[in-house]
Structures are given as C-alpha cells and as structure tokens.
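Spelled out from the first residue to the last, the chains are:
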Amino acid sequence: RRNQDMPPTVKIERVPAKDMPASPKQKQLMNFIHYYWEAHGYGPTIAEMGIAVNRSPATARHHLVKLMEKDMIIHRIAQQRGWALNERGKKEIEPL
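Described in the following lines is the structure provided in the data block.

Cut-offs and rules
For every chain, the first residue of its written sequence is number 1, and the numbers climb from 1 along that sequence. Reporting of local features is limited, given that this is a predicted model, to residues whose pLDDT is at least 70; pairs of side-chain atoms are given and counted only at 80 or more, and all residues count toward the totals for whole chains, interfaces and linings. To obtain the side-chain values, all non-hydrogen atoms of the structure were included, while hydrogens and water were left out. To form a nonpolar core, buried Ala, Val, Leu, Ile, Met, Phe, Trp, Tyr and Cys residues must be joined to one another through side-chain atoms within 4.5 Å. When accessible area is computed with a 1.4 Å probe and restricted to protein chains, residues below 20% of their type maximum are described as buried, those above 50% as exposed, and intermediate ones as partly exposed. Here a helix means four or more residues in a row that DSSP labels H or I, a strand means two or more in a row labelled E, and each is numbered from the N terminus. Take the number of residues in a helix, subtract one, and multiply by 1.5 Å to get its expected span. Here, two residues are considered to be in contact whenever any of their heavy atoms come within 4.5 Å of each other. Only Phe, Tyr and Trp rings take part, Trp by its six-membered ring, and two of them pair if their centres are within 6.5 Å. Stacked means planes under 30 degrees apart, edge-to-face means over 60, and tilted covers everything else.

**Points about the nonpolar core**
Core analysis: the largest hydrophobic core is formed by 14 residues, its most contacted members being Leu-29, Met-30, Met-49, Leu-64, Leu-67 and Ile-73. For this core, the elements supplying multiple residues, two or more each, are α1 (24-40), α3 (57-69) and β2 (83-85).

Here's what the structure looks like:
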C-alpha cells in the first residue's frame, strides 16, 4: 500500500566523464601546463600548478585527476614533471 502513494522514481543517467567539458579552473590549469611546457621544455610540479591556479597542491592534484578522467591530459608515471596535455586537451587551450 505504501508504494502506491509514492511518485514514480526518476532515473538519472550520469554523463560519462569523457563527455564533460573542462571547468574554468581546469582550463586555467591546462593553459598553465601547456605554456609551462613551451617555456621550459618540461612540465610543472604539482606545487607550481597549485600556485598558478591559486589553490593548494592537493586541489591541483584533484583537478589533474579529473582532467585525466576527461581524457584531456596524460601523466607519464616514470617521469618527474610528467604531466602533459594530449590532443584533446590541446584543443581547449586559450591563446595568450
């Protein structure tokens, strides 16, 4: 009887992370990584990324993980400063 009084449930479908656009902070972080690579020939540290986007290194790392889930950046695990944009991420870069 109790279930008859309840409204029908609405099914909410999750959008896959790869289909989600980057947030403004994530775009800012991607721009920083891209232009850091251009200037230095290697990627920034997580601490440098945090400073660049006015966030803690932990928050910068959180954004990096989300960008990896969205398939916009790669992390070369065996390489220090191994964060880099892939082709999809490079399409998001805003020119200076």
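Read on for the rest.
**What to know about α1**
Over its 17 residues, α1 extends 24 Å from the first C-alpha to the last, a length consistent with the 24 Å expected when each residue adds 1.5 Å. Buried within α1 we find Gln-26, Leu-29, Met-30, Asn-31, Ile-33, His-34 and Tyr-36. Those residues of α1 that are buried lie in contact with α2 (46-52), α3, β1 (73-75), β2 and α4 (87-90). One or two positions beyond α1, positive phi appears at Gly-41, with a value near 85°.

**Examining the packing of aromatic side chains**
This structure, assessed with the given rule, holds two aromatic pairs. Note on Phe-32 and Tyr-36: the rings are 5.6 Å apart at their centroids and 55° apart in plane angle, and the pair reads as tilted. Remark: Tyr-36 and Phe-32 occur in helix α1; sequence separation between them is four residues, near one turn of the helix. A relative accessible area of 23% places Phe-32 in the partly exposed class. Tyr-36 gets classed as buried once you look at its relative accessible area, which sits at 11%. Here the aromatic rings of Tyr-36 and Tyr-42 are separated by 6.1 Å at their centres, their planes lie at 70°, and the arrangement is edge-to-face. Judged by its relative accessible area of 36%, Tyr-42 is partly exposed.

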